[in-house]
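# Understanding the architecture of this molecule
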Amino acid sequence: MGFTDLFKKKKEEKSVPPPPASTALPIEQVGNLKKQGYPNDQIIDYLKTQGFSSAQIYDAISQVEARTPAEPFVPPEPKKPAVSSASAVPESDNTEEMIESIVDEKWRTISKDLAKFRDWQETTDSRLDKLEQGLRDTRSDVESLHKAIISKISDYDKSLMDVGTEIKAMEKVFSKVLPDLTESVSKLSQMSKKSKPVIKKKVKK
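A brief report on the enclosed structure follows. For clarity, every value in this text was computed on a predicted model and none was experimentally measured. Residue positions within a chain follow its written sequence, with the count starting from 1. Note on the predicted model: pLDDT of at least 70 is required for a residue's local features to be given, and 80 or more for side-chain atom pairs to be given and counted; whole-chain, interface and lining totals, by contrast, use all residues. Where side-chain values are given, they derive from all heavy atoms of the structure, hydrogens and water being excluded.

### Some remarks on the overall build of the protein chain
Scanning the protein chain from terminus to terminus reveals five helices and zero strands. Helical segments are the DSSP runs of H or I of at least four residues, strand segments are the runs of E of at least two, and each set is numbered from the N terminus. Mapped in sequence order, the helices and strands of the protein chain form the string α-α-α-α-α. Residue contacts are counted whenever heavy atoms from the two residues lie within 4.5 Å of one another. Relative to all contacts within the protein chain whose residues are 6 or more apart in sequence, the contacts with residues 24 or more apart total 69%. Summing over all exposed atoms, the protein chain offers an accessible surface of approximately 18,800 Å²; the carbon and sulfur share of this is 60%. For accessible areas, the Shrake-Rupley method is used with a probe of radius 1.4 Å. Any residue's cover is judged against the shown protein chains and nothing else.

### Some details on the side chain of glutamine 56
Looking at the secondary structure, you find glutamine 56 in helix α4 (residues 54-67). Note on classification: 1.4 Å probe, protein chains only; a residue is buried when its accessible area is under 20% of the maximum for its type, exposed when over 50%, partly exposed between these limits. Taking relative accessible area as the criterion, glutamine 56 reaches 11% and is therefore assigned buried. In terms of polar contacts, glutamine 56 uses its side chain to reach the backbone amide nitrogen of serine 53, at 3.1 Å. Contacts described as polar in this section are N or O atom pairs within 3.5 Å, which, within protein, must combine one atom able to donate a hydrogen with one able to accept it, while residues neighboring in sequence count only if both atoms come from side chains.

### Describing the packing of helix α2 (residues 27-35) against α4
Here an angle of 0 to 180 degrees is reported between the N-to-C directions of two axes, which are lines fitted to C-alpha atoms, with helices fitted over the stretch in contact. Look at α2 against α4: their axes get within 9 Å of each other, and the N-to-C directions meet at 60°. Put simply, α2 runs oblique to α4. Remark: the crossing between α2 and α4 carries right-handed chirality. Residues Ile27, Val30, Gly31 and Lys34 of α2 touch α4, and the partners they reach there are Ala60, Ile61, Gln63, Val64, Glu65 and Arg67. Among the residues making up the contact of α2 with α4, the classes are represented as five nonpolar, two polar and three charged. When an angle is under 35 degrees it counts as roughly parallel; over 145 it counts as roughly antiparallel; between 65 and 115 it counts as roughly perpendicular; any other value is oblique. Whether a crossing is left-handed or right-handed is set by the direction in which the near helix is turned from the far one by less than a right angle, anticlockwise for left-handed and clockwise for right-handed. Three residue categories are used. Nonpolar comprises Ala, Val, Leu, Ile, Met, Phe, Trp, Tyr, Cys and Pro, charged comprises Asp, Glu, Lys and Arg, and polar comprises the others, including Gly.

### Comments concerning α2
Residues of α2 that are buried: Ile27, Val30, Gly31 and Leu33. Along α2, the residues classed as buried sweep out an arc of 165° about the axis, all on the same side. With respect to the buried face of α2, the exposed residues turned more than 90 degrees away are Glu28 and Lys35. On its buried face, α2 is in contact with α3 (40-49) and α4. Here the arc refers to the set of directions running from the helix axis out to each C-beta atom.

In structure tokens, the structure reads:
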């Protein structure tokens, strides 16, 4: 036997699969898995991982199926997480608490918005009151100014009427005095003309 033959023999020994865990048929395992509702293909795959051969698995399945009538496959229900008795609360109570929490949160938001609206309304009302008071004051000032202007115009008209009356009176006086004054002025001018030659002669002497 050569060195290469020894190497091949060791390699073949390593490639041989391990023997099954038990030579007995896995009847009990198959029965338990079938009661849990697992199908044959999943049972076969699982038992192969446990070291059973295909022949052993098929024989066990056939014996189990011969003992019990075939039943429709029902998938196993998912396991619910365990809840401690202290934290266990009925679903209806949780729903009511959730609804109350949502309503409270919405109400708080609405209350904040209403408070902001009331503040805005009070500020707006205050500004409107100030604006109305300003308009009333302006109207009063305008009325006072209008009365003052009317009074001044009335005084001016009265003054003009008085001046006109005085002018008319002066016209009457002048109309009476002016002819006499004109006559006197003309007489004075004539007298001055007559007196000028005499004055010249006296100067020459």
